[in-house]
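# Descriptive analysis of the structure
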Amino acid sequence: METDIHHRYIITPLPKAPDDLVLEDDEVVIAVGLKFSSPNDKQPEKPIKLTMPHCAVITKPERVSTVLYHRNDDSEQFSRVPVTYGSVRLGKESLVLTVNHFCQWWITAKITEFFFSEKRVICIPYIPKHVTAGERHTVTFIIHDDIQGVHKNIHEKMVTASFVIGRVGGGEQFPVKLNDGSVVVTMWVEEKVISTKTRDIRFFTTLNNQQLDFFTKAQDNPMKNLLVKFEVEQGSKKSELEFLIDYTTTSSHGSAAATAGTTTSSVMAVTSLGAAATSSCQASMLSSPAASSPQGPAAVSSGSMVSSFCSHIIKWPSYF
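Rules behind the numbers
Residues numbered from 1 in each chain as written. Predicted model: local features only at pLDDT ≥ 70, side-chain atom pairs only at ≥ 80, totals over all residues. Heavy atoms only, no water. 1 Å grid on protein atoms, 1.4 Å probe; cavity = no way out; pocket = protein on both sides within 12 Å on 5 of 7 lines; lining within 4 Å. Points joined across faces, edges and corners; volume = space filled by probe spheres on them. Nonpolar A, V, L, I, M, F, W, Y, C, P; charged D, E, K, R; others polar. Buried < 20%, exposed > 50% of the residue type's maximum accessible area, 1.4 Å probe, protein only. Helix = DSSP H or I, 4+ residues; strand = E, 2+ residues; numbered from the N terminus. Arc of directions from axis to C-beta. Pairing = 2+ DSSP bridges. Polar contact = N/O pair within 3.5 Å; in protein donor to acceptor, adjacent residues only side chain to side chain. Contact = heavy atoms within 4.5 Å. Core = buried A, V, L, I, M, F, W, Y, C linked by side-chain atoms within 4.5 Å.

### A closer look at the layout of surface pockets
Its boundaries defined by the atoms lining it, the second largest pocket holds a volume of some 280 Å³. Forming the boundary of the second largest pocket are 15 residues, of which Ile201, Arg202, Phe203, Thr205 and Thr206 lie nearest the centre. Class assignment of the residues belonging to the lining of the second largest pocket gives a composition of seven nonpolar, four polar and four charged.

### Thoughts on helix α1 (residues 150–160)
Those residues of α1 that sit buried are Val150, His151, Ile154, His155 and Met158. An end-on view of α1 places all buried positions within 120° of arc, on one side of the element. Summarising the geometry of α1, the exposed residues directed more than 90 degrees from the buried face are Lys157 and Thr160.

### Here we look at the pairing of strand β11 (residues 116–128)
For β11, a buried count of 13 out of 13 residues is recorded, marking the element as mostly surrounded by other parts of the structure. Sheet topology places strand β5 (residues 56–58) next to β11; three bridges connect them, and they run antiparallel. In the strand pairing of β11, Ala56 is matched with Lys119. As judged from the six bridges shared by β11 and strand β14 (residues 172–177), these two strands associate in the antiparallel manner. Among the inter-strand pairings, Cys123 is bridged to a residue of β14, identified as Glu172. The sheet contact formed by β11 and strand β12 (residues 136–145) spans six bridges and is antiparallel. The partner of Pro125 across the bridge, within β12, is Phe141.

### Remarks on the pairing of strand β4 (residues 48–53)
Burial along β4 is one-sided: the face carrying Ile48, Leu50 and Met52 is buried and the face carrying Lys49, Thr51 and Pro53 is not. In this sheet, strand β9 (residues 94–99) lies alongside β4 in antiparallel orientation, the contact comprising six bridges. Each residue of the ladder has a partner; that of Leu50, found in β9, is Leu97.

### Notes on the side chain of His144
Inspection of the secondary structure puts His144 in strand β12. For His144, the side chain forms a polar contact with the side chain of His151, separated by 3.4 Å. Not counting the four nearest positions on each side in its chain, His144 is found in contact with Val121, Ile122, Ile124, Val150, His151, Ile154 and Asn209.

### Re the nonpolar core
Formed by 48 residues in total, the largest nonpolar core has its most connected members in Phe36, Leu97, Trp106 and Phe116. No other element matches strand β10 (residues 104–110), which puts four residues into this core. Not counting residues within four places of it along the chain, the set of residues in contact with Phe36 comprises Ile10, Ile11, Ile48, Leu50, Leu97, Val99, Phe102, Cys103 and Trp105. With 26 residues, the next largest nonpolar core counts Val164, Phe230, Phe243 and Ile245 among its residues.

The following block contains the structure:
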């Protein structure tokens with residue numbers, strides 16, 4: 001009899017949470033959503049086990065409760081399922097999800113004071129690809145979940161809009177406390193405060209990036225660089241990102257240069273987009289060794305995402 005491991009399966013990462021994903025007050029999305037499907041609409045006969053990264057800051061994974069949300073298609077409402085033992089196994093940096101039917105899945109964790117109260121986000125500034133001295137232009141500051149693949153999705157949209165990363169060192173990681181106050185972002189230009197914007201903590205519970213648009217008048221002197229600094233604050237925590245806007249260059253990587261003394265970025269830089277993850281995600285069928293007879297690799301594709309499985313192993317694209 002033909003087994004599930006001989007069929008083609010499609011796993012589509014969902015880097016943005018849908019608007020109709022409504023969580024309870026103490027729940028937070030901690031990983032990209034996943035859509036499991038099959039070209040022939042056949043459900044798996046055996047559970048599928050998937051290991052993937054998350055953005056939760058967790059001290060004791062065994063003490064954190066998780067809740068799954070799922071639906072068959074976008075026209076349906078989500079069903080909320082508190083996780084039973086084994087459905088989701090949390091680690092400090094990754095999790096293992098076990099599913100037994102194909103649909104859309106979202107993974108949330110419940111906030112606890114001592115074991116899970118923060119999530120990692122990335123703060124990253126973007127500037128227009130072409131700026132002119134003396135003209136007012138936008139500096140866009142984006143805050144997004146520190147999850148592999150989310151940055152790639154955002155970066156592609158910004159590039160399409162003719163923006164480039166403003167800071168050569170890339171973004172900066174910031175731990176958002178989920179039961180604390182709002183996140184405040186202030187833009188400084190030449191040591192003068194230009195504008196301050198605030199985001200309520202509830203905006204960080206789902207997988208939706210925060211785009212804050214600031215405006216500044218460029219220097220009248222085209223030979224002078226413009227020093228820009230962003231301060232990100234929440235309670236007693238503060239992080240700073242500095243960079244220069246250089247009006248004398250037309251580099252294809254944007255007209256920004258790293259400022260000396262800036263903290264080294266813990267995430268991807270302009271030159272390393274698509275290679276942020278040091279380990280690839282893998283999915284494997286929970287099958288016996290006898291069921292893993294080699295059939296040769298078969299492509300599993302979704303849009304531009306291509307992965308493959310040989311026998312019972314499905315490899316997640318390393319660039320996502």
